[in-house]
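# Understanding the architecture of this molecule
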Amino acid sequence: MPLNDTQFIQQAVNLQVEMEVETDKNIARQQYAEKLLKLIKEYLKSASIDITGTSNQGAFTGTGKIT
């Protein structure tokens, strides 16, 4: 499953709107960085990963999730 681009874009826009009302720029910068990091982590975790390969026991496949 691909990354959820639509959700990330909407959350980034919401974050920008939220930061527009902050009057203390230093606080806003810190909050923005923390919240953006959270958004990026959630974005990366929105994908599932298909795994294929071989081992000494033969071929294998699987699906993984980033946690």
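Look up a bit, the structure's there.
Scope of this entry: the structure provided in the associated data block.

Cut-offs applied
Position numbers for residues count from 1 along each chain, tracking the sequence in the order it is written. Local features in a predicted model are, by the rule used here, given only for residues with pLDDT of at least 70; side-chain atom pairs are given and counted only at 80 or more, and totals for whole chains, interfaces and linings are based on all residues. Just so you know, side-chain values use all the structure's heavy atoms and leave hydrogens and water out. For helices the rule is a DSSP run of H or I covering at least 4 residues; for strands it is a run of E covering at least 2, with both sets numbered from the N terminus onward. Throughout, a contact is declared for two residues whenever any of their heavy atoms are within 4.5 Å. A cavity here means a set of 1 Å grid points, computed over protein atoms only, where a 1.4 Å probe fits but cannot escape. A pocket is an open set with protein on both sides within 12 Å along at least 5 of 7 lines, and lining residues have an atom within 4 Å of a point. Grid points are joined across faces, edges and corners, and a volume is the space filled by probe spheres set on the points. Each residue gets one label: Ala, Val, Leu, Ile, Met, Phe, Trp, Tyr, Cys and Pro are nonpolar, Asp, Glu, Lys and Arg are charged, and the others, such as Gly, are polar. A residue counts toward a patch only above 30% relative accessible area and without a salt bridge, and it is joined to like-charged neighbours within 9 Å or, for Val, Leu, Ile, Met, Phe, Trp and Tyr, to nonpolar neighbours within 5 Å. For the area figures, the Shrake-Rupley method with a 1.4 Å probe applies, and any residue is considered shielded solely by the protein chains shown. Any carboxyl oxygen of Asp or Glu within 4 Å of a side-chain nitrogen of Lys or Arg constitutes a salt bridge here. A 1.4 Å probe rolled over the protein chains alone gives each residue an accessible area, and that area as a share of the maximum for its type sets the label: buried under 20%, exposed over 50%, partly exposed in between.

### Some remarks on the environment of Gly-64
- Tracing the backbone shows Gly-64 in strand E2 (residues 58-65).
- A sequence separation of 16 residues divides Gly-64 from Ser-48, and the C-alpha atoms of the two residues are 5.7 Å apart.
- Apart from residues lying up to four places away in sequence, Gly-64 is in contact with Ser-48, Ile-49 and Ile-51.

### Observations regarding empty space enclosed by the protein
- Counted according to the given criterion, the structure contains 1 cavity of 30 Å³ or more.
- Lining of the largest cavity is provided by Asn-4, Gln-7, Phe-8, Gln-11, Leu-39, Glu-42, Tyr-43 and Ser-46.
- Elements represented by at least two residues in the lining of the largest cavity include exactly helix H1 (5-20) and helix H2 (25-45).
- Tallied by class, residues from the lining of the largest cavity come to 3 nonpolar, 4 polar and 1 charged.

### Description of a nonpolar patch on the surface
- Together, Leu-3, Ile-40, Leu-44, Ile-49, Ile-51, Phe-60 and Ile-66 make up an exposed nonpolar region whose accessible area comes to about 530 Å².
- Where the nonpolar patch is concerned, the elements lending two or more residues are H2 and strand E1 (48-55).
- As for its placement among the helices and strands, Phe-60 is situated in strand E2.
- With a relative accessible area of 37%, Phe-60 lands in the partly exposed category.

### Comments concerning the pattern of salt bridges
- As enumerated under the stated definition, the model contains 2 salt bridges in all.
- Between Glu-18 and Lys-35 there is a salt bridge, with its nearest N and O atoms 2.2 Å apart. Pair noted here: Glu-18 is in helix H1 and Lys-35 is in helix H2, with a separation of 17 residues, a long-range link.
- Note that Glu-42 and Lys-38 form a salt bridge whose closest N and O atoms lie 4.0 Å from each other. Of this pair, Glu-42 and Lys-38 both sit in helix H2, 4 residues apart, which is roughly one turn of the helix.
- We classify Glu-42 as partly exposed; its relative accessible area is 34%.

### Regarding the environment of Thr-52
- Along the chain, the position of Thr-52 falls in strand E1.
- Its relative accessible area of 63% is what places Thr-52 among the exposed residues.
- On a C-alpha basis, the gap between Thr-52 and Met-19 in space is 43 Å, while along the polypeptide they are 33 residues apart.
- Leave out the neighbours within four places in its chain, and Thr-52 touches Phe-60 and Thr-61.

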